[in-house]
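Fold and contact review
One letter stands for each residue in the lines below.
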Amino acid sequence: MKQASVFIITVLMSVSAMAGNWFPADYKEFPFKEGDLLTTEKPEGKYSINKVLRIDNVCLDVGQSISIQGQVFMAPEKDCLLIISMSYGEQEFKSLEEINQAVKKGIWKVKIGHIPNRAPGAAEGQILIGHSPVKQEELAGYNQWKELFSQGKAGVF
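Here's a quick rundown of the structure.

What counts, and at which threshold
Residues numbered from 1 in each chain as written. Predicted model: local features only at pLDDT ≥ 70, side-chain atom pairs only at ≥ 80, totals over all residues. Heavy atoms only, no water. 1 Å grid on protein atoms, 1.4 Å probe; cavity = no way out; pocket = protein on both sides within 12 Å on 5 of 7 lines; lining within 4 Å. Points joined across faces, edges and corners; volume = space filled by probe spheres on them. Helix = DSSP H or I, 4+ residues; strand = E, 2+ residues; numbered from the N terminus. Contact = heavy atoms within 4.5 Å. Buried < 20%, exposed > 50% of the residue type's maximum accessible area, 1.4 Å probe, protein only. Arc of directions from axis to C-beta. Phe/Tyr/Trp six-rings, centres within 6.5 Å; stacked < 30°, edge-to-face > 60°. Pairing = 2+ DSSP bridges. Axes fitted to C-alpha atoms, helices over the stretch in contact; angles between N-to-C directions.

1. Details of the layout of surface pockets
By volume, the largest pocket amounts to about 220 Å³. As for the largest pocket, its lining consists of 14 residues, of which Thr-40, Lys-42, Asn-50, Tyr-88 and Gln-126 are closest to the centre. Elements represented by at least two residues in the lining of the largest pocket include exactly strand 5 (79–89), strand 6 (110–118) and helix 3 (119–123).

Rendered as C-alpha cells:
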C-alpha cells in the first residue's frame, strides 16, 4: 500500500512538471513594472512616451480559450501568460533629451489610452526612461477591456 502512494505522488509531480508549456516562455516574463515609462524610436526618428498600466497574470484551464490578434486559441493544457496593458503616447519628441524633460515635467500627449498586449509585443524595442505611478483616471480603457475580457468578449494583441 505504501508503494502505491509513492507511485501516485510521483505521477502527479510529473504531470504537474509537464503542464504549463503551451504558451511560449516569452509570454510569461516582462522586464518592466506597472508605472514604468518607456520609449521607442520610430522610423521617422521621433519618440513617444508609453506607460505600463497593468500587468495581468492570466491562467487558462484545459479547454478555455483566448483571442490573440483576432484568432481564438483553445488551451490544450493549463497554462498562464502575462497580458500587458499600456498607454501609448504621441510621437512628439525629437530626442531622448526632450523625452527626459517631458518625463521630469510629467507632461506628454497620450495617443492611445489602452492596448492589451502579450509580453513580447509590449516589450519589443522599449527603453525604460522613468516611472510614474498609475493614476485611477488612466485606467478607464483598461477597466472596460478587463470587464469584457472576463466575459470572453475581448482579447489581446
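2. Notes on the side chain of Asn-117
With respect to the secondary-structure elements, Asn-117 resides in strand 6. Every residue in contact with Asn-117, bar those within four places of it in the chain, is listed here: Leu-82, Ile-83, Ile-84, Tyr-88, Ala-122 and Phe-157.

3. Digging into helix 2 (residues 96–105)
Among all positions of helix 2, only Ile-99, Ala-102 and Val-103 are buried. Mapping the buried residues of helix 2 onto a view down its axis gives an arc of 100°, with all of them on the same face. Opposite the buried face of helix 2, by more than 90 degrees, sit the exposed residues Lys-104 and Lys-105. Structurally, helix 2 contributes buried residues whose contacts are with strand 1 (36–39) and strand 7 (127–131). Of the residues trailing helix 2, Gly-106 is marked for its positive phi of about 75°.

4. Some points on helix 4 (residues 140–150)
Within helix 4, the full set of buried residues consists of Tyr-142, Trp-145 and Phe-149. Axial view of helix 4: buried residues confined to an arc of 70°, hence all on one face. For helix 4, the exposed residues lying more than 90 degrees away from the buried face are Gln-144, Glu-147 and Ser-150. Elements that come into contact with the buried residues of helix 4 comprise strand 2 (50–60), strand 3 (65–68), strand 5 and strand 6. Gly-152 sits one or two positions beyond helix 4 and adopts a positive phi of about 80°.

5. Topic: the packing of aromatic side chains
Scanning the entire structure with this criterion turns up five aromatic pairs. Ring centres of Phe-30 and Phe-32 lie 5.4 Å apart, and the angle between their planes is 75°; on these two criteria the pair is classed as edge-to-face. With relative accessibility at 13%, the residue Phe-30 sits in the buried group. Aromatic pair Trp-145 and Phe-149: ring centres 4.8 Å apart, planes at 25°, arrangement stacked. Of this pair, Trp-145 and Phe-149 both sit in helix 4, separated by four residues, roughly a single helical turn.

6. Details of the pairing of strand 1
The alternating pattern of strand 1 places Asp-36 and Leu-38 and Leu-37 and Thr-39 on opposite faces, both of which are buried. As paired strands, strand 1 and strand 7 are joined by four bridges and run antiparallel to one another. Residue pairing for strand 7: Leu-38 is matched across the bridge by Leu-128. Across two bridges, strand 1 lies against strand 2 in antiparallel orientation.

7. Quick notes on the sheet that holds strand 5
Within the open sheet, the five strands sit side by side as 6-5-2-1-7. Their pairing is antiparallel. Each edge of the sheet is formed by a strand with only one pairing partner; in this case those strands are strand 6 and strand 7. Across this sheet, the average inter-strand angle for adjacent strands is 35°, counted without regard to direction. In the sheet, strand 2 pairs with strand 5 via ten bridges, with the strands oriented antiparallel. From the neighbouring strand, Leu-60 faces strand 5, where its bridge partner is Asp-79.

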